[in-house]
Amino acid sequence: MPRGVTMDDPWVFNTASISTYRCSGMKWLLSPLLLGELLDAIRGFMGYSLREDCRAARILDWLLYEARLEGRYRSICEVCNIIRDTHVCIAGGSESLEKRIRLLHECERVIAVDGAVALLSSYGVRPDIIVTDLDGSWFYILEASRAGAVVLVHAHGDNIAALRAVVPRIERVAGTVQCMVSELAYMASGFTDGDRAFGLAVMCDASKISLYGMNTRERVGWWSKPWLKKSIPPWPEKVRKLHIAEGMMRLFTAYALKKGIPVEGL
Ligand SMILES: Nc1ncnc2c1ncn2[C@@H]1O[C@H](COP(=O)(O)OP(=O)(O)OP(=O)(O)O)[C@@H](O)[C@H]1O
Ligand SMILES: Nc1nc2c(c(=O)[nH]1)N=C(CO)CN2
């Protein structure tokens, strides 16, 4: 049993599965068990703590519960409804996004990956969905959510303070986690913000997926982190994350092709 799937707490496994299956016709991209195994392996490789990832998942669940009381919560089914049967473009963190950004005007739906929301804003592109672990610019994320974007926030052991600071201020918020203890958030298909966005588009049956700024061999775009002044080569931890992202994207491309969803820009 993957360690992120806490079977000593068996009801949790059911509720997490049920919250995804409640959407009519929607299926997990990877089975929860396979996903749990993959995330365990990644945690080992990256040196992350399961305990902290599970703590973050519970905290996000609580913040989403409050968001639901306040009418700000969006389920993963509602997120999928935005994507289903549309041409989805995903704008990520690699350098080439800036040169190709005007092409995003041709997309039916735009998913901004974390910091890319800042760059999109300066070119007048409004994202429909933002996929983030909240280490991009909070200002632009909050601005886009006020303008109508749904923010799909990912909880992990290293962003607990950011979750507490930002989630209560997001107008339209959904959640993903990497430990299966949550009822209102769902187990993310993927690891980095970019491959999770791609996995989401495949899971939600986009009619076509175009990737911009998702080239893991390129430099990291300056918009990717608030502290970057210019685009730079990935630093050692980022290299390892991008390595995993590349593997995830290959896997999801295979699923997309099996479902008959064309993918361009890989
Ligand atoms: N060369 C690249 N540089 C940066 N991001 C890239 C690159 N190629 C693909 N991407 C995708 O774009 C996303 C950009 O998001 P972001 O920079 O916030 O990363 P992240 O997943 O939050 O990781 P980190 O913890 O380093 O912030 C990445 O998650 C990755 O999937
Ligand atoms: N614990 C932990 N989990 C993660 C992290 C991270 O920095 N720490 N970064 C991710 C990709 O952005 C995804 N998951």
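Above this text sits the structure in question.
Computed from a predicted model, the values in this text were never measured in an experiment.

Scoring rules and cut-offs
- Residues numbered from 1 in each chain as written.
- Chains lettered and ligands numbered in written order.
- Predicted model: local features only at pLDDT ≥ 70, side-chain atom pairs only at ≥ 80, totals over all residues.
- Heavy atoms only, no water.
- Helix = DSSP H or I, 4+ residues; strand = E, 2+ residues; numbered from the N terminus.
- Polar contact = N/O pair within 3.5 Å; in protein donor to acceptor, adjacent residues only side chain to side chain.
- Contact = heavy atoms within 4.5 Å.
- Pairing = 2+ DSSP bridges.
- Axes fitted to C-alpha atoms, helices over the stretch in contact; angles between N-to-C directions.
- Salt bridge = Lys/Arg side-chain N within 4 Å of Asp/Glu carboxyl O.
- Buried < 20%, exposed > 50% of the residue type's maximum accessible area, 1.4 Å probe, protein only.
- Right-handed = clockwise from strand over helix to strand, strands pointing away.
- Near = heavy atom within 4 Å.
- Areas by Shrake-Rupley, 256 points an atom, 1.4 Å probe, with all protein chains shown as cover.
- 1 Å grid on protein atoms, 1.4 Å probe; cavity = no way out; pocket = protein on both sides within 12 Å on 5 of 7 lines; lining within 4 Å.
- Sits in = over half its atoms within 2 Å of the grid points.

Engineer: Could you give an account of the side chain of Ser210, with specific residues and numbers?
Structural biologist: Assignment of secondary structure puts Ser210 in strand S7 (residues 208-212). At 2.7 Å, the side chain of Ser210 and the side chain of His87 are in polar contact. When neighbours within four sequence positions are excluded, Ser210 is seen to be in contact with His87, Val88, Cys89, Ile90 and Glu264.

Engineer: Would you mind going over the sheet that holds strand S2 (residues 109-113) in detail, with residue names and values included?
Structural biologist: Pairing within the open sheet is parallel, and its eight strands lie in the order S6-S5-S4-S3-S2-S1-S7-S8. Looking at strand neighbours, the two that pair on one side only are strand S6 (186-187) and strand S8 (263-264), the edges of this open sheet. In terms of strand pairing, S2 meets strand S3 (residues 129-132) through three bridges, oriented parallel. Among the inter-strand pairings, Ala112 is bridged to a residue of S3, identified as Ile130. The strands that helix H3 (residues 50-69) touches are strand S4 (150-155) and strand S5 (173-177); relative to S5, the one it contacts most, it runs at about 165 degrees.

Engineer: Which residues make up the pattern of salt bridges, and what values go with them?
Structural biologist: In this structure the tally under the stated criterion is 11 salt bridges. A salt bridge links Arg196 to Asp193, with the shortest nitrogen-to-oxygen separation between them at 2.7 Å. Highlighted residues: Arg196 and Asp193, both in helix H9 (residues 193-203), separated by three residues, approximately one helical turn. In this structure Asp193 comes out as buried when scored by relative accessible area, which is 10%. Ionic pairing is found between Asp205 and Lys259, a salt bridge with its closest N-O pair at 2.8 Å. One end of the pair, Asp205, is in the loop between H9 and S7; the other, Lys259, is in helix H10 (residues 236-259), and 54 residues separate them in sequence. Residue classification places Lys259 among the partly exposed positions, given a relative accessible area of 39%. Each of Asp40, Arg43 and Asp53 takes part in a single network of salt bridges with overlapping partners.

Engineer: Can you lay out the pairing of S2 for me, pointing to particular residues and giving the numbers?
Structural biologist: Looking down a regular strand, the side chains alternate between one sheet face and the other. The element S2 is largely enclosed, with a buried count of four among its five residues. As paired strands, strand S1 (residues 87-91) and S2 are joined by four bridges and run parallel to one another. Within S2, the residue paired with Val88 across the bridge is Arg109. Taking the sense of rotation as the criterion, the β-α-β connection linking S2, helix H6 (residues 116-122) and S3 turns out right-handed.

Engineer: Explain the site of ligand 2 to me, and be specific about the residues and the numbers.
Structural biologist: Looking at ligand 2, the residues that line it are Tyr48, Asp53, Asp133, His156, Gly157, Asp158, Gln178, Phe191, Thr192 and Lys241. One nitrogen or oxygen atom from the side chain of Gln178 is found 2.8 Å from a nitrogen atom belonging to ligand 2. For ligand 2, whose unbound accessible area comes to 330 Å², protein coverage reaches 93%. With respect to the detected pockets, ligand 2 is housed in the largest pocket.

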